[in-house]
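Here is how the chains run, residue by residue.
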Amino acid sequence: RYIEARFGAMSVVSVYLPSGSSSEERQAIKFSFLERFMPYLRKLKLKRREYILCGDWNIAHKEIDLKNWRGNKKNSGFLPEERAWLDELFGPTGFVDTFRSVNQEAEQYTWWSNRGQAWAKNVGWRIDYQVATPGIATLATAARIYKTKRFSDHAPLIMDYDYDLLLNRTARACVISPVLCCIPVREPGEHDKAVFKAGVTETPVAHPATVGHHDQSFRIPQREFSIQTPAAVSQGAFLINRVGHDI
């Protein structure tokens, strides 16, 4: 899955990379996708745009990124070839793992198996990322994983950026993954908010920007907003309440 929203010189992308855990055939498909996706990412890096790619990448990068790393060296999601692919992405290709740029602590997981007591014992994996171009990555100021409530086997990764998505200048913004949600931080007026739910715009306002969603375009205000794709709604992205505040 690849869904991109553009705000001036900034793009925020919701991505989902294949899982290979169910069979060798699925792992082969995953390797094929990674091989084809890397050239595309290199092309993105060369554009005069800032990118944040949010979502489930289905790979834990380093030993710190999963609880039982010793027992998973031969399992999909922590294979040497997959980890080397992320080494390339965060190395020569030039993208940044923005979570690790502001949080180097252990046991910071975003996915837990539904088997056993993985969630209760925090036996998890960090496989959800916000992968960014260097310019916007340097503006990441905070990162947190929302675990107060559980909606699925994944937990939302929330990051703050000192950047205005609509005006392309420094101002606070919040991005939530694995789903596509962006919130420029401003002080909204009473009728100055638009919320997207499954492609439906509520409360149109004056002086809007335009965001493309598949083959449609929606008009949104130049102030506080959230974007929720159909997938986002099903994954609990509606938890956003107010700009600049934790959920």
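Structure: above.
Source: prediction; values computed, not measured.

Procedures and definitions
Residues numbered from 1 in each chain as written. Predicted model: local features only at pLDDT ≥ 70, side-chain atom pairs only at ≥ 80, totals over all residues. Heavy atoms only, no water. Buried < 20%, exposed > 50% of the residue type's maximum accessible area, 1.4 Å probe, protein only. Helix = DSSP H or I, 4+ residues; strand = E, 2+ residues; numbered from the N terminus. Arc of directions from axis to C-beta. Contact = heavy atoms within 4.5 Å. Pairing = 2+ DSSP bridges. Axes fitted to C-alpha atoms, helices over the stretch in contact; angles between N-to-C directions. Phe/Tyr/Trp six-rings, centres within 6.5 Å; stacked < 30°, edge-to-face > 60°. Lys NZ or Arg CZ within 6 Å of the ring centre and 35° of its normal. Parallel < 35°, antiparallel > 145°, perpendicular 65-115°, else oblique. Nonpolar A, V, L, I, M, F, W, Y, C, P; charged D, E, K, R; others polar.

Draft legend 1. Representation of helix α2 (residues 80-90) within the structure. Those residues of α2 not exposed but buried are E82, W85, L86, L89 and F90. Along the axis of α2, the buried positions cluster into a sector of 125°, meaning they face one direction only. Residues of α2 that are buried sit in contact with α1 (24-46), β4 (96-97) and β7 (128-132).

Draft legend 2. Structural detail: the environment of Y163. Within the secondary structure, Y163 is located in strand β9 (residues 157-164). Sequence separation between Y163 and A140 is 23 residues, and the spatial gap between their C-alpha atoms is 8.7 Å.

Draft legend 3. A look at the sheet that holds strand β1 (residues 2-7). Read across the sheet, five strands follow the order β1-β2-β3-β7-β4 without closing on themselves; strand pairing throughout is mixed. Across the chains shown, the open sheet's two edge strands, defined by having one partner strand only, are β1 and β4. When strand β2 (residues 10-16) meets strand β3 (residues 50-56), the two strands line up parallel, connected through seven bridges. Within β3, the residue paired with M10 across the bridge is E50. Its contacts with the sheet put α2 on β4 and β7, and the angle it makes with β7 is roughly 30°.

Draft legend 4. Up close: the packing of aromatic side chains. Inspection of every chain in the model, using the stated rule, returns 10 aromatic pairs. With a centroid separation of 5.5 Å and an interplanar angle of 85°, the aromatic rings of Y2 and Y40 are classed as edge-to-face. Highlighted residues: Y2 in strand β1 and Y40 in helix α1, separated in sequence by 38 residues. Relative to Y129, the ring of F90 has its centre 6.2 Å away and its plane inclined at 40°; by these criteria the two rings are tilted. Here F90, found in helix α2, pairs with Y129, found in strand β7; they are 39 residues apart in sequence, far enough to count as distant. Among the residues examined, Y129 registers a relative accessible area of 1% and is labelled buried. By the ring-pair criterion, three or more aromatic residues cluster together here, those being Y2, F33, F37, Y40, W57, W85, F90 and Y129. Above the ring of W119, the side-chain terminus of K147 is found at 5.7 Å from the ring centroid.

Draft legend 5. Region of the structure containing the packing of α1 against α2. Across the interface, α1 lies against α2 with an axial gap of 11 Å and an inter-helix angle of 5°. When the axes of α1 and α2 are compared, the pair comes out roughly parallel. Touching Q27, K30, F31, L34, F37, M38, L41 and R42 of α1 are E81, E82, W85, E88 and L89, all from α2. Residues of the contact of α1 with α2, tallied by class, amount to seven nonpolar, one polar and five charged.

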